[in-house]
Amino acid sequence: MNGNRFGRLFQVTTFGESHGEAMGCTVSGCPAGLELSEEDIQEDLDRRKPGQSMITTSRGEPDDVTINSGIQDGYTTGTPIGMVIQNKDARSGKYEPFITAPRPSHGDFTYSAKFGTRNWGGGGRSSARETVNWVAAGAIAKKLLALQGIELKAHVNQIGDVEAPEVSFEEMLEHSEENDVRCAHPETAAEMQELIEKYQEEGDSIGGSIEFEARGVPVGLGAPRFDSLSARLGQAMMAVPATTAFEFGLGTDAAEWTGKDRNDDWEFDDDGNPVPVENDHGGIQGGISSGEPIYGEVTLHAPTSIPKSQQTADWETGELKEEQVIGRHDPVLPPRGVPVVEAMLALTLVDFMLLSGRLNPDRVDDQPGEYDTDYHPSNPRNE
């Protein structure tokens, strides 16, 4: 199976199935000298993990990460960083009815048709549980970006027909982690929570969307055409499970704007450099970053695993069946999807920072040839 690696220079290769022994990933291309601990990664994993509130799955996974390689004395060494997250609470028995009778709108049939077999417990490799690896890798990318003054954040801006008003980046930073929905507008968050609980009580689910923004991104990231920043960002976000749409800047609203209204006029900043007056282009022009904040939105459909009875077709018996997906599932995806979207944004940006030479691919201090560094291990015999 291919398609398990993301990135050009900052490469993330993942492994694991939902109900397998463990999830894990290898991060290649992280420069040496980055101070890094398991606690740094755990912080984001705790935001994604199941069982964190009443509107998430009750699966009891601590999602504790172990770093097995690539670290010496608390700093990255420039070698591959290996991370493992054990699965602690897998219960595959409830998935037996669907071994040869695919669940509606899941990857069950397509995986079986492609490979002639599949790991059926919890959806196996197609499960959104696999994103735990992305968040672990994304936490490293975030630390590298922070060294360059790049900050990013996401929040839930819509659940069903409940949509939050526009919020500032500062409001996203301040308020999005204050409620279970991860919406930066507290009043709307309460409405969203009520709507989610309604569908949860009915044994159904609901969709929503996540808004993201990155500040401090320099001019010049990306390349024309197929390696444009928007194209690569679109690939990253469309890989997030349940994503049905990705947009940046005005997104689909651009269809209603004239060229004159959408076009961003130019002016000079205090240093005499041309800068756009507005940012309707979402920080990307011609597929290349403009130096303005990069912002956009990711739309996620309703979770497909719901307790309501649905029809399936058992290819082994030739029967049509009414089956219920009995298990522990999220009634809505965006609240736990926020750290996933942030991770994919961070991974995309750090890859382009390396590709553009803004980040030294060998070491974060950008001092090639210097061996006597603050982060080099000391010989105890020299003390």
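Preceding block: the structure.
Description of the structure in this document. (Residues numbered from 1 in each chain as written. Predicted model: local features only at pLDDT ≥ 70, side-chain atom pairs only at ≥ 80, totals over all residues. Heavy atoms only, no water.)

Secondary structure summary: the protein contains 8 helices and 18 strands in total. Here the protein has a C-alpha radius of gyration of 22 Å; the compact-globule value for 383 residues is 21 Å, and the two agree. Judged by the C-alpha coordinates and their principal axes, the protein covers about 70 × 65 × 40 Å. Considering the protein as a whole, with its 383 residues, one finds that 48% of them fall into the buried category. (Helix = DSSP H or I, 4+ residues; strand = E, 2+ residues; numbered from the N terminus. Rg over C-alpha atoms; globule rule 2.2 N^0.38 Å. Buried < 20%, exposed > 50% of the residue type's maximum accessible area, 1.4 Å probe, protein only.)

What follows is about the packing of aromatic side chains. Applying the stated criterion across every chain, the model contains 4 aromatic pairs. Judged by centre distance (6.3 Å) and plane angle (5°), the rings of Phe212 and Phe246 are stacked. Remark: Phe246 occurs in strand 11 (residues 243-248) and Phe212 occurs in strand 10 (residues 208-215); sequence separation between them is 34 residues. Owing to a relative accessible area of 1%, Phe212 belongs among the buried residues under this scheme. Each ring, one from Phe246 and one from Phe248, has its centre 6.4 Å from the other, and the planes form 25°; the classification is stacked. Relative accessible area serves as the criterion here: at 27%, Phe248 is assigned to the partly exposed category. Of the aromatic side chains, those joined through ring pairs into one cluster are Phe212, Phe246 and Phe248. (Phe/Tyr/Trp six-rings, centres within 6.5 Å; stacked < 30°, edge-to-face > 60°.)

Let us now look at the environment of Ile55. By the secondary structure assignment, Ile55 is in the loop between helix 1 (38-48) and strand 4 (65-67). Separated by 307 residues in the primary sequence, Ile55 and Asp362 place their C-alpha atoms 43 Å from one another. In this view, Ile55 contacts Asp180, Val181, Gln193, Ile196, Glu197, Gln200, Asp330, Pro331, Val332 and Pro335; residues no more than four positions away in its chain are not counted. (Contact = heavy atoms within 4.5 Å.)

On to the pairing of strand 3 (residues 22-28). Here strand 3 lies mainly inside the structure; 5 of its 7 residues are buried. Direction of pairing for strand 2 (residues 11-15) relative to strand 3: antiparallel, over a ladder of 5 bridges. Looking at strand 3, one finds that Thr13 is bridged to Thr26. Taking the residues that link successive antiparallel strands as the turn, the strand 2-strand 3 hairpin has 6 residues, and the phi of Gly16 there is positive, at about 120°. (Pairing = 2+ DSSP bridges.)

Bringing the side chain of Glu297 into the picture now. Residue placement: Glu297 occurs in strand 16 (residues 294-300). Within polar-contact distance, the side chain of Glu297 engages the side chain of Asn157 at 2.9 Å. Among all residues touching Glu297, those that are not within four sequence positions of it are Asn157, Ser209, Ile210, Glu211, Phe212, Ala245, Phe246 and Glu247. (Polar contact = N/O pair within 3.5 Å; in protein donor to acceptor, adjacent residues only side chain to side chain.)

This part is about unusual backbone geometry. The phi torsion at Asp73 lies on the positive side, around 55°, for a residue other than glycine. The residue Asp73 is located in the loop between strand 5 (71-72) and strand 6 (75-76) in this model. Since its relative accessible area comes to 51%, Asp73 is described here as exposed. At Ala242, a residue that is not glycine, the phi angle is positive and equals roughly 80°. Here Ala242 lies in the loop between helix 6 (229-238) and strand 11. Judged by its relative accessible area of 17%, Ala242 is buried.

Let us look at the pairing of strand 7 (residues 81-86). Of all 6 residues in strand 7, 5 are buried, a share of seventy percent or more. For strand 3 and strand 7, the ladder comprises 6 bridges, and the chain directions are antiparallel. Paired with Thr26 across the two strands is Gly82, which belongs to strand 7. In this sheet, strand 7 lies alongside strand 4 in antiparallel orientation, the contact comprising 3 bridges. Residue pairing for strand 7: Ile67 is matched across the bridge by Met83.

Okay, the sheet that holds strand 9 (residues 162-163) next. One open sheet holds the 5 strands; their spatial order is 9-8-10-16-11, and the pairing between them is antiparallel. Each of the sheet's edge strands pairs with one partner strand only, and the pair in question is strand 9 and strand 11. Direction of pairing for strand 8 (residues 151-159) relative to strand 10: antiparallel, over a ladder of 8 bridges. Counted as the bridge partner of His155 is Glu211 from strand 10. Sitting on the sheet, helix 8 (residues 334-355) touches strand 8, strand 10 and strand 16, and the angle it makes with strand 8 is about 145°. (Axes fitted to C-alpha atoms, helices over the stretch in contact; angles between N-to-C directions.)

This paragraph deals with the packing of helix 1 against helix 8. The N-to-C vectors of helix 1 and helix 8 enclose an angle of 140°; their axes lie 7 Å apart at closest approach. Between helix 1 and helix 8, the interaxial angle falls into the category oblique. Residues Asp44, Arg47 and Arg48 of helix 1 pack against Arg336, Val338, Pro339, Val340 and Glu342 of helix 8. (Parallel < 35°, antiparallel > 145°, perpendicular 65-115°, else oblique.)

Spatial strand order, 1-2-3-7-4: 5 strands in an open sheet with antiparallel pairing. The open sheet has two free edges, formed respectively by strand 1 (5-6) and strand 4, since each of these has just one partner strand. With 2 bridges joining them, strand 1 and strand 2 adopt antiparallel strand pairing. Among the inter-strand pairings, Phe6 is bridged to a residue of strand 2, identified as Val12.

A contiguous patch of negative charge, built from Asp180, Glu187, Glu191, Glu194, Glu197 and Glu201, is present on the exposed surface. Topologically, Asp180 is positioned in the loop between helix 4 (169-175) and helix 5 (186-201). Residue classification places Asp180 among the partly exposed positions, given a relative accessible area of 38%. (Patch = residues over 30% accessible without salt bridge, like charges linked within 9 Å, V, L, I, M, F, W, Y side chains within 5 Å. Areas by Shrake-Rupley, 256 points an atom, 1.4 Å probe, with all protein chains shown as cover. Salt bridge = Lys/Arg side-chain N within 4 Å of Asp/Glu carboxyl O. Lys, Arg positive; Asp, Glu negative; His and termini not counted. Charge placed at Lys NZ, Arg CZ, Asp CG, Glu CD.)

By themselves, these figures tell us nothing about what the structure is for.
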